[in-house]
Every structure is written in C-alpha cells, then in structure tokens.
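# Structural description and commentary
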Amino acid sequence: MFTTTIIRNSCLSFFLAVLIPLRVYAFEPFEVETIRVDGLQRISVGTVFNYLPVKVGDRFDDEVSSHAVRSLYKTGFFKDVVLEREGNALVVFVAERPAIASIEIEGNDDIPEDQLTANLKQLGLSEGRVLDRSLLDKVEQELKRQYLSLGKYNVNIRTEETPLERNRVAVRVEIYEGEAAVIQRLNIVGNTVFDEQTLLDEFESGTKPFFSLFDDSYKYSKQRLTGDLEALRSYYLDRGYINFNIDSTQVTITPDKEYVYITINITEGEQYTISEVKLAGELHFSEQEIRKQIEVSAGDIFSQRKVTQSANNISERLGDDGYAFANVNPVPDIDKENKKVALTFYVDPGKRAYVNRVNINGNIYTMDEVLRRELRQMEGGMISSAKIKRSRTRLDRLGYFQQVNVETPAVAGSPDMVDVNYDVVENDTFGSLNFGIGYGEAQGFTITAGVNQQNFFGTGNKFSTNVSHSAASTSVSASFTDPYYTMDGVSRGYHLFYSETDAGELQTTDYIMNRFGGGISFGVPLSEHDSVRTGIDYENIEIHTDSGSSENITGFCEQNAATDDCVFNVLKPSISWVHDTRNRAMFPTSGGQVSASLEVSSAVGEYPMDYYKLSLRQKHYFELTEKLTFSPRFQLGYGDSFGDTSELPPWERYFAGGMYTVRGYRINSLGPRDSYNDPIGGNLRLVGNIELFYVPPFAEKSKASRLSLFVDGGNVYDGSDFDSEELRYSAGIGFQWFTPVGPLMFSFAKALNEKTGDETEEFQFTMGTGF
C-alpha cells in the first residue's frame with residue numbers, strides 16, 4: 001500500500017511555479033529514502049541531481065516540493081516536471097524540451113549569414129542547444145532591431161520549428177528584408193559659418209542623385225549616419241570650433257515606411273586659435289627634435305586632427321628608440337575670453353621595451369625562413385616602431401600574401417618586454433601549372449602552357465617555364481631566380497629563351513625574326529630602398545625579309561650584315577638601379593618606384609651590332625583617402641648605335657600606343673612609319689600618365705581589383721626630331737583585376753588630339769595566363 005502525491009506544471013506551469021504558490025495536494029511529510037528520475041533522453045541523471053535541491057535522507061514537504069519544481073524549470077531543459085511519492089521514494093518525471101538539430105536562415109542579403117549565425121549563438125540559439133519558444137521571440141526582435149538600424153523598416157522576421165525524431169527540431173529563420181528607406185531630405189539647422197552644402201559634402205549619406213548605379217548612400221542607415229555625425233564634428237573641430245555641439249538629430253519616417261527626413265541641429269560656437277605650444281615631461285630628445293614632430297604652432301587655427309597627429313608623431317618617434325609604451329597627452333588650456341588655446345604636450349615615455357619573441361602565423365605554404373629574412377626587427381633587440389613597420393612592408397611586397405597584420409602585445413610578468421606577432425593570409429596560389437588562352441592587343445589570342453612559381457615550393461625562389469603561340473609569335477622560355485643567393489640579399493638569376501616573331505602581325509613593319517639565347521644576372525641591395533642589378537645576355541638573331549619588307553629593315557641588313565643571311569651574335573651587358581618605396585607589390589597605395597637602366601650590345605663575330613639603350617621610369621602613389629589613390633607615372637627611353645653599326649636595329653626601336661603606353665591609340669601605332677605606312681618605331685620614347693585609382697564598391701574588401709580615371713600622353717620620335725606638338729593625349733576609364741589565372745585589364749579611352757593618319761581604338765583589353 002502506498003500514497004501518491006502529484007505536483008504538475010505543463011507549458012504555462014513554469015510561470016505559475018515562479019510567480020504564484022504551487023497547488024499541492026496534502027500529504028504527510030516524509031524522509032526520502034531513494035530518488036528515481038524517469039523521462040530522460042539526452043540529459044544525464046547526474047545533471048538532474050545537480051539541480052534538484054533534494055537528497056536522500058532529506059525531509060520532503062510542500063515547501064521543498066515547490067522549490068524542487070522551480071529549480072528544475074529554471075534550468076530551461078524541461079517543458080514539464082512531475083514529482084510523485086511511492087512509499088518513501090521520490091519519483092521525478094520530466095519531459096525534456098527538444099534540442100536544436102539545425103538552423104536554416106533564408107532571405108538575408110544585407111547581413112552575411114556567418115554574422116547572423118554568430119549573433120544567434122550569442123542569444124543562445126545554436127545547434128545542440130535546448131529550444132525555448134520564448135528565445136525564438138527574442139531572436140525575432142533582435143534581428144528586426146539589426147535591420148531597422150540599416151533602414152529596413154519593412155523587414156519581416158519569422159521563425160518556424162519542424163519536429164524531428166529523437167525529440168529534436170529544425171529551426172528555420174525566414175527574413176524578408178524589404179527595401180531600405182530612402183532619405184528624402186537631409187537638413188542641418190544652426191550653421192552660420194559654413195553653408196549647408198559644404199557640410200553635407202562631408203557626409204556619406206545623402207538624397208538620391210540623378211544617377212546611382214552602385215551608390216546606395218541615399219538609403220538610410222543608422223551606422224552611416226552616426227559616422228556622418230562624427231565627420232561633421234571633426235570638420236568643425238579641425239577648423240577651430242572647439243565648442244561645437246550636435247544638439248539633436250531627428251529621423252522622421254513616413255507612414256508608408258519608404259522615406260525618412262533627417263534634421264540635425266547644431267551649435268557652432270566660436271573659432272579658437274593656438275596661443276602657444278609647450279612641452280612637458282621626460283622628452284629623452286632635444287626639444288627641437290620633438291618639435292619637429294608637432295604639426296601645429298602659435299597663431300594657427302586650432303585643429304583637433306593636427307593635434308592628435310602631433311601626439312602620434314611624438315609617440316612614434318619615441319617608439320623608434322624603444323619606448324613602445326610612450327604616452328603623449330595633449331592638454332588644452334582654453335581662454336574663453338580671448339578665444340585662444342594654449343597647448344601642452346605631456347610626454348611620458350615609460351620604460352624602454354625589448355622584443356621577447358617575433359612570431360609569424362598563417363604561413364602554411366611559405367617556409368618560415370623566407371619571411372624572417374625580410375624582417376628588420378630582431379628578437380632580443382630594442383623595439384623600434386620604424387623597423388616593425390618596415391618589416392610589414394617588406395612582407396607585403398613579396399606578393400605572397402593577401403593580408404599582413406602586426407601586433408605588439410606585452411609579455412605577461414615582464415613590463416619591459418613585448419612580443420611582435422605577424423599574422424599573414426597567404427594568396428590562394430603562388431603560381432600555376434597552366435594551359436590557357438589569353439588575349440593581347442598586339443598578338444591577338446595566345447595559347448600558353450607552362451609552370452610559373454613566384455614562391456617555388458615555399459622557398460621564395462622564382463621559377464617559370466612557358467611555351468606560347470599566337471599569330472604573331474611562338475616562344476619558349478625558362479628562368480630561375482634566387483632572391484637570397486647570399487645571406488646579405490644578393491640575388492642571382494638565369495634565363496633561357498627561343499622565339500619566332502612575325503613583326504607584321506604586331507602592327508609594325510613586315511619581317512620575321514628568330515632569336516635564341518640566355519643570360520645571368522645579379523641583384524645587389526645598396527640600402528633598404530635601393531638596389532643595383534647587373535647581368536649579361538647572349539643572343540643569336542636571325543632576320544628574314546621578303547618583298548613586303550620595308551627599306552628600313554632590308555637596308556639595315558644590307559649595311560650591317562652584308563649577306564643574304566641577316567644573322568647576328570651579340571653580347572648584351574646591362575646594369576640598372578632601382579629605388580623602391582612602395583608599400584606593397586600588387587596595387588600599391590603609397591610610395592613609389594624609380595629606375596634607370598643601361599643596356600649595351602656588342603657583336604660576337606664579324607658583323608657589327610653595337611648599340612646602347614637608356615631608360616628611365618618613375619611611378620609614385622599618393623593615398624588621398626582609403627579608397628582613392630593618385631598615381632603619376634613617367635617613362636623615357638633613348639637608344640642609338642655606335643662604332644660601325646649604322647643605326648639602332650629595327651627590332652630594338654621603341655613603340656607607343658596601347659594599354660601600356662598611350663591608351664586610346666592602337667598598339668604600336670604612334671610615331672614614324674615606313675614606305676608601306678607601317679609603324680617602324682623610333683629611338684626616343686616619351687610617355688606620361690596620371691591616374692586616379694578607386695576601389696570599386698563591389699570589391700571593397702579585396703585588394704585584387706580597382707577602377708581608374710586616367711590621362712595618357714606620349715609618342716616616339718626618330719633621331720633628335722622631338723616635337724612637343726606631336727605628343728598624343730587620351731583620357732578614359734580603366735579596370736584592372738588580378739584573377740586566379742592572370743591579370744585582366746580593360747580600358748575605354750578617347751583620343752584627345754588625334755591627327756590625320758592616327759589609328760585610334762577606344763576599347764582595349766589584355767588578359768594574361770600567368771600571375
């Protein structure tokens with residue numbers, strides 16, 4: 001004979017158990033001799049015992065019963081709990097909540113799925129967790145809040161549960177994002193010093209322009225507006241209005257939720273100038289040295305940006321001498337009556353820091369020593385901000401990595417020690433084993449096969465072997481370069497080649513040239529930014545002419561070869577100097593590259609082939625904003641013969657026109673022409689370009705593509721017949737993309753001063769098959 005007492009709460013009983021006293025049938029209190037748990041599927045008995053406030057030997061009564069039910073419900077594991085007494089045994093019956101087997105998200109475009117999944121996990125909704133219906137309601141509200149911040153006022157979030165076997169459910173989150181509300185009007189109220197349009201030009205947000213293919217700044221976004229308000233604040237603070245204040249921001253949405261009206265109320269205040277600039281604290285350098293880092297002086301209009309930059313400059317200067325934890329605090333003393341600000345830069349260099357370890361992470365393919373030989377910051381040495389930055393730049397310029405980041409965390413327990421951590425993200429490939437089809441303006445379609453390795457087996461060596469064929473040429477080549485032939489960074493390279501070229505197919509005068517040869521070269525670093533390269537090549541050149549060949553090529557062969565067979569054997573020593581300060585190899589945004597080279601040819605054998613070629617190239621990059629880079633470029637080439645050679649060989653002459661010189665004009669079409677009106681090139685080439693590069697909206701996170709606006713100018717001349725009025729100019733837009741199979745370049749250019757006989761070509765493109 002036994003007595004049974006039941007305390008039951010179903011789905012709503014949790015709230016009843018917490019908020020009101022439980023309804024319990026009367027029974028006599030008893031001492032628990034044993035406890036049994038029934039109904040468990042995934043949760044262990046031990047887990048229940050951990051949360052159950054009753055143990056064997058405890059006295060069990062109404063109060064303990066209510067407390068036990070509440071405790072089990074609070075775990076969130078159960079949707080129903082029943083306590084029964086069988087004699088002096090306590091039986092706990094539970095019904096578990098289902099576990100989440102999968103989560104499917106549909107309809108999200110503006111917020112990436114991985115970001116949404118991470119947000120859901122933070123809310124407690126993830127695979128393997130117990131499902132609580134109230135949690136789904138919370139998820140819907142949180143996702144709606146995120147979309148509202150993007151201006152998606154018509155967003156609709158719906159969650160569904162699909163029961164599965166073994167007490168599991170599949171959760172589906174359906175999102176209808178809708179269209180973002182459009183900014184119908186954006187007003188600034190309270191401005192008197194600057195007109196409204198000048199201030200609105202600082203905003204990313206704005207009303208819808210007449211044409212907007214990629215621009216979505218007219219769509220309301222809370223985050224974008226917050227950034228705009230900070231830009232507005234900075235605009236005033238950088239112009240001396242230190243008491244500027246944004247009083248309020250009203251965002252009003254229309255009843256149909258399609259348009260918003262934004263009104264920003266501001267107080268400008270008075271403009272302040274700087275009365276004096278003082279230094280205080282431990283300078284560790286002469287005051288004159290520190291003042292070189294300060295970008296403001298007495299009499300200047302106060303600028304928050306320049307003050308902040310000055311403090312950063314002083315910190316970096318101290319960092320170069322090992323004071324990695326330097327603190328520079330600019331403190332303004334404001335004279336409201338005279339509208340003046342006295343600035344004092346308090347300098348606290350802290351302790352001089354040393355490098356404990358230099359760690360490199362993320363290089364799966366590339367050998368560690370290949371990266372470490374590029375580093376300028378050594379372990380055990382005094383830390384230097386300049387050396388750390390330079391090391392990062394050198395890693396970036398290798399071209400092996402999509403991304404290079406550096407951090408300098410302090411070493412726990414050692415206040416004067418830091419680690420330097422370089423984190424790299426390797427490119428998808430360091431080369432290719434390829435067979436492909438490319439297209440160039442001059443050669444047309446090209447079939448190419450070969451192996452190209454910038455980072456041969458992760459050693460940093462460069463190796464390539466290629467075979468290509470087109471209507472204009474057939475070539476075979478192989479090369480190998482060891483950039484660290486010596487530990488001091490002296491490089492050594494070899495190359496071999498063979499080619500057959502139909503010059504007529506290259507839009508130049510008609511002849512066929514076969515050549516083979518090879519060479520060796522060495523590169524010697526002179527400083528961190530300068531290097532010299534020297535080498536020597538051997539070439540065998542064989543020229544074939546026919547009735548269609550111009551007098552320029554036949555005459556050269558007659559004067560210099562004196563036989564029907566126009567064959568030359570030549571040695572070509574060369575030397576070049578390069579000054580390179582680019583921040584990275586692919587699509588640099590700062591720095592530049594200047595190079596000068598001299599190549600001299602001398603015949604081996606009885607027929608003269610003596611000439612020289614000088615070239616000068618310059619290109620610089622100026623980062624205007626995070627997305628805009630301005631780049632001027634210039635190239636000059638000049639060559640001439642000497643000794644018994646009559647003139648610069650036709651195949652060594654310079655040409656212009658096309659993707660790499662003056663876009664908008666047909667490849668190799670500019671300059672002197674022969675009797676058949678085919679281009680024959682010249683011994684002087686002058687080319688200049690200015691280009692504004694822009695990160696396209698569809699590839700903001702990628703460093704592999706860019707758009708540009710450009711102006712090109714240049715031409716080639718014969719002898720000393722330079723005439724600035726003969727320079728040709730063009731302007732247009734370009735697109736460059738480093739694809740996994742090679743560089744792809746497009747341009748659409750308009751010739752600005754074409755003359756009779758010029759061959760123009762507005763659309764041009766080149767596609768490579770290497771990298």
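Residues numbered from 1 in each chain as written. Predicted model: local features only at pLDDT ≥ 70, side-chain atom pairs only at ≥ 80, totals over all residues. Heavy atoms only, no water.

## Structural notes on the overall build of the chain
- When helices and strands are tallied, the chain shows 12 helices and 35 strands.
- The 771 residues of the chain split such that 43% are buried.
- Here the analysis covers contacts within the chain between residues at least 6 apart in sequence; of these, 60% occur between residues at least 24 apart.
- Total accessible area on the chain is roughly 39600 Å²; 52% of this is exposed by carbon and sulfur atoms. (Helix = DSSP H or I, 4+ residues; strand = E, 2+ residues; numbered from the N terminus. Buried < 20%, exposed > 50% of the residue type's maximum accessible area, 1.4 Å probe, protein only. Contact = heavy atoms within 4.5 Å. Areas by Shrake-Rupley, 256 points an atom, 1.4 Å probe, with all protein chains shown as cover.)

## Some remarks on the nonpolar core
- Ranked by size, the top nonpolar core spans 22 residues in total, and within it Ile 314, Leu 318 and Phe 345 carry the most contacts.
- Only β13 (273-281), α9 (304-320) and β15 (340-348) provide two or more residues apiece to this core.
- Contact partners of Phe 345, with chain neighbours within four places excluded, come to Val 277, Lys 278, Leu 279, Ala 280, Ile 294, Val 307, Ser 310, Ala 311, Ile 314, Val 328, Asn 329 and Pro 330.
- Core analysis: the second largest hydrophobic core is formed by 21 residues, Leu 232, Tyr 235, Tyr 236 and Ile 264 among them. (Core = buried A, V, L, I, M, F, W, Y, C linked by side-chain atoms within 4.5 Å.)

## Describing the state of the cysteines
- The tally for this structure, following the rule as stated, stands at one disulfide.
- A sulfur-sulfur distance of 2.2 Å marks the disulfide that ties Cys 557 to Cys 566. Disulfide Cys 557 to Cys 566: torsion about the S-S bond roughly -85 degrees, handedness left-handed.
- When its relative accessible area of 7% is taken as the criterion, Cys 557 is described as buried. (Disulfide = S-S within 2.5 Å.)

## Examining the sheet that holds β15
- Spatially, the three strands line up as an open sheet ordered β13-β15-β14, and their pairing is mixed. Edge positions in the open sheet fall to β13 and β14 (327-335), since each of these has one partner strand only. Taking each pair of neighbouring strands and ignoring which way they run, the sheet shows an average axis angle of 20 degrees.
- Sheet strands touched by α9: β14 and β15. Its angle to β15, the strand with the most contacts, is close to 20 degrees. (Pairing = 2+ DSSP bridges. Axes fitted to C-alpha atoms, helices over the stretch in contact; angles between N-to-C directions.)

## A word on the sheet that holds strand β11 (residues 245-253)
- Taken in spatial order, the three strands make up an open sheet running β10-β12-β11, and their pairing is mixed. This sheet does not close on itself; its edge strands, each paired only once, are β10 (182-189) and β11. On average, adjacent strands in this sheet sit at an angle of 15 degrees to one another, irrespective of strand direction.
- Alignment of β11 against strand β12 (residues 259-267), held across eight bridges, turns out to be antiparallel. The residue bridging Gln 250 from the neighbouring strand is Thr 263, located in β12.

## A look at the packing of helix α4 (residues 113-123) against helix α5 (residues 133-148)
- Relative to each other, α4 and α5 sit at 135 degrees, their axes nearing to 10 Å. As judged from the angle between their axes, α4 and α5 are oblique. The interaxial crossing formed by α4 with α5 has right-handed handedness. Taking contact as the criterion, the partners of Leu 116, Asn 119, Leu 120 and Leu 123 in α4 are, on α5, Leu 135, Lys 138, Val 139, Glu 142, Leu 143, Gln 146 and Tyr 147.
- Taken together, the residues of the contact of α4 with α5 sort by class into seven nonpolar, two polar and two charged. (Parallel < 35°, antiparallel > 145°, perpendicular 65-115°, else oblique. Left-handed = near helix turned anticlockwise from the far one by under 90°. Nonpolar A, V, L, I, M, F, W, Y, C, P; charged D, E, K, R; others polar.)

## Things to note about the packing of α9 against helix α11 (residues 385-397)
- At a minimum axis distance of 6 Å, the contact between α9 and α11 shows a crossing angle of 90 degrees. For the element pair α9 / α11, the angle class is roughly perpendicular. On α11, the residues that touch Glu 316, Gly 319 and Asp 320 of α9 are Ser 385, Ala 386 and Lys 389.
- Across the contact of α9 with α11, the residue classes break down as one nonpolar, two polar and three charged.

## So, unusual backbone geometry
- Positive phi values are uncommon outside glycine, yet Lys 257 reaches one of about 60 degrees.
- Secondary-structure assignment places Lys 257 in the loop between β11 and β12.

## What about the packing of aromatic side chains?
- A complete count under the given rule lists 21 aromatic pairs for this structure.
- Aromatic side chains Tyr 235 and Tyr 236 sit 6.2 Å apart centroid to centroid with 80 degrees between the ring planes, which places their arrangement in the edge-to-face category. Per residue, the accessibility class of Tyr 235 equals that of Tyr 236, and both read buried.
- Ring plane angle 55 degrees and centroid distance 6.2 Å describe the contact between Phe 556 and Phe 568, whose orientation is recorded as tilted. Taken together, the residues span a long stretch of sequence, with Phe 556 in helix α12 (residues 551-560) and Phe 568 in strand β27 (residues 566-580) at a distance of 12 residues. Phe 568 shares its class with Phe 556; the two are buried.
- Site record: aromatic cluster; members linked through ring pairs are Phe 194, Tyr 235, Tyr 236, Tyr 241 and Phe 244.
- Its end group placed over the ring of Tyr 235, Arg 239 keeps NZ or CZ at 3.7 Å from the ring centre. (Phe/Tyr/Trp six-rings, centres within 6.5 Å; stacked < 30°, edge-to-face > 60°. Lys NZ or Arg CZ within 6 Å of the ring centre and 35° of its normal.)

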